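The chain contents come next:
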Amino acid sequence: MLKKVAILANGGDVAGLNAVIRAIKRTAETHGIECYGFIDGYRGLVENNFIRLDYNPLADGILPKGGAIIGASTNTIVFHYKVTNPDGSVEYKDLSDLCVENYKRDGFDCIFTLGGDSTQKSARDLFIKGINTIGVPKTIDNDVACTEVTFGYNTAVSVAQEALDRLHTTAETHHRIMCLEVMGRYAGWIALESAIAGGADAVLIPEIPYDINKVADSIRKRIARGKQFSVVVVSEGAVPINGEASTVNADIGQGTGISRKFSGAGEKVAKELESIVGLEARCTTLGYMQRGGTPTAYDRVLSTKYGAKAMSLAMEGKFGVLTVIKNGKLDCVPLEEVVGNNKELGAVEGGTEESNIRFVDLNDELVTTARNIGICFGD
Ligand code: F6P
């Protein structure tokens, strides 16, 4: 009998986190189960810091609210946890046993892990160590393996589409090339779908290395047809043929080796297009606008479905799984499948070559649709 469950949110915020929290909490209330939230993701589990959510007025009215009422932490890996000693020196420790101890001592029956590929990697590892985890796939990048869609993605696409509508007017009025850089480090879903929704002329995604001259040619053809402007969507992880993604060094991985921050892809494309085509070019980087704020109706429904399903799985005693959408329907898959080849317990996670990221399939109907209507991929 399930008595006491907890939720944690890990990684970057997305719209819909609170909608998932609400759905889990309400399903728990319906079935007389206590529901808690760890504060700031895995950090709360390490520090044994949690609040009660069921019948707590603080957790009411949260469906339209951006962010997560229980906070979230990024790059927090309990197997490689940054500890600052009293003398100021820094050490990385495996605190997973402490997490298991906390979980057992407080009598939790299950933890719902709301997060992307690296969060679910830790959930798989903690499941092996004895914590009943159930993952819920969260990321605006839409790149979690084994599911057709993650929550937060639809809102991010809508924000990018609105930005494209607005950039179109400047492009047209000033006869410019307007580039919009959107998020998506390894997978170009946001760029691709927002390019279609926002009527862009070209889209550059990590899965299709681009030749800037091909993009320039497509813009020149538009100019020849009397279109003195173009709109280009650039995924932050876009890669030129025989080149590298635009990154800067940044210590964002807590010593795990994750030290690349994606930055500058859109500016680079704008600069190159301006010099090749001769039209003025500008770049707008959408950044965190895509993650914050209220979820779309689609994300509210998807998040609610994911949350209620996660709680149902817990009541059935199905742990070590991820809630997914498969063939358009709610389902679940073992976290083991989600982790892919990144099997080593506590291994550096997220964005590694072994990570099981869901890339844009080059035969995906979104790609063929975009090509059919003449959107240039720079290939
Ligand atoms: O993983 C989602 C994501 O939105 C990426 O597309 C982006 O590169 C990253 O988060 C940035 O997150 P932060 O700056 O919070 O580490």
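Every value quoted in this text rests on a predicted model; they were computed, and no experiment measured them. (Residues numbered from 1 in each chain as written. Predicted model: local features only at pLDDT ≥ 70, side-chain atom pairs only at ≥ 80, totals over all residues. Heavy atoms only, no water.)

Participant: I'd like a description of the domain arrangement of the protein, backed by residues and values.
Facilitator: Here the domain parsing of the protein yields domain 1 (4-151 + 296-338) and domain 2 (156-288 + 362-372). Between the C-alpha centres of domain 1 and domain 2 the distance comes to 32 Å. (Domains from an automatic or database assignment.)

Participant: Could you give an account of the site of the ligand, with specific residues and numbers?
Facilitator: Lining the immediate surroundings of the ligand are Ile140, Asp141, Met183, Gly184, Arg185, Glu236, Lys261, Tyr288 and Arg291. Measuring from an oxygen atom of the ligand, one finds a backbone N or O atom of Gly184 at 3.3 Å. Protein chains bury 80% of the 400 Å² of accessible surface belonging to the ligand in isolation. Here the shell around the ligand is composed, by residue class, of 3 nonpolar, 1 polar and 5 charged. (Near = heavy atom within 4 Å. Polar contact = N/O pair within 3.5 Å; in protein donor to acceptor, adjacent residues only side chain to side chain. Areas by Shrake-Rupley, 256 points an atom, 1.4 Å probe, with all protein chains shown as cover. Nonpolar A, V, L, I, M, F, W, Y, C, P; charged D, E, K, R; others polar.)

Participant: Could you give an account of the sheet that holds strand β6 (residues 110-115), naming the residues involved and the relevant values?
Facilitator: Read from one edge to the other, the open sheet built from 7 strands follows the order β3-β2-β1-β6-β7-β14-β15, with strand pairing classed as mixed. The open sheet has two edge strands with one neighbour each: β3 (50-52) and β15 (329-334). Strand after strand, the sheet turns through a mean of 30° between neighbouring axes, direction not considered. Here 4 bridges tie strand β1 (residues 4-9) to strand β2 (residues 34-38), and the two strands are oriented parallel to one another. Among the inter-strand pairings, Lys4 is bridged to a residue of β2, identified as Glu34. Along the sheet, helix α1 (residues 17-30) contacts β1, β2, β6 and β7 (133-137); its crossing angle with β6, the most-contacted strand, is approximately 160°. (Pairing = 2+ DSSP bridges. Helix = DSSP H or I, 4+ residues; strand = E, 2+ residues; numbered from the N terminus. Axes fitted to C-alpha atoms, helices over the stretch in contact; angles between N-to-C directions. Contact = heavy atoms within 4.5 Å.)

Participant: Now, about the pattern of salt bridges: what can you tell me, with residues and values included?
Facilitator: Under the definition given, this model contains 16 salt bridges. Here Asp40 makes a salt bridge to Arg43, at a shortest N to O gap of 3.8 Å. Asp40 sits in the partly exposed class, given a relative accessible area of 25%. When its relative accessible area of 29% is taken as the criterion, Arg43 is described as partly exposed. In this structure, the salt-bridge partner of Glu336 is Arg124, at a minimum N-O distance of 3.1 Å. Of the two residues, Glu336 sits in helix α10 (residues 335-339) while Arg124 sits in helix α4 (residues 117-128), which places them 212 residues apart along the sequence. In this structure Glu336 comes out as partly exposed when scored by relative accessible area, which is 34%. The class for Arg124 is buried, based on a relative accessible area of 4%. (Salt bridge = Lys/Arg side-chain N within 4 Å of Asp/Glu carboxyl O. Buried < 20%, exposed > 50% of the residue type's maximum accessible area, 1.4 Å probe, protein only.)

Participant: Please give an account of the nonpolar core that cites residues and values.
Facilitator: Core analysis: the largest hydrophobic core is formed by 66 residues, its most contacted members being Ile7, Phe112, Leu114, Ile134 and Phe151. The leading source of residues in this core is helix α5 (residues 153-174), at 9 residues. Formed jointly, this core draws a minimum of three residues from each of two domains, domain 1 (4-151 + 296-338) and domain 2 (156-288 + 362-372). Contacts of Phe112, omitting those with residues within four sequence positions, involve Val5, Ala6, Ile7, Leu8, Ile24, Ile134, Ala310, Met311 and Ala314. In this structure, Leu45, Val100, Phe108 and Val333 belong to the second largest nonpolar core, which totals 26 residues. (Core = buried A, V, L, I, M, F, W, Y, C linked by side-chain atoms within 4.5 Å.)

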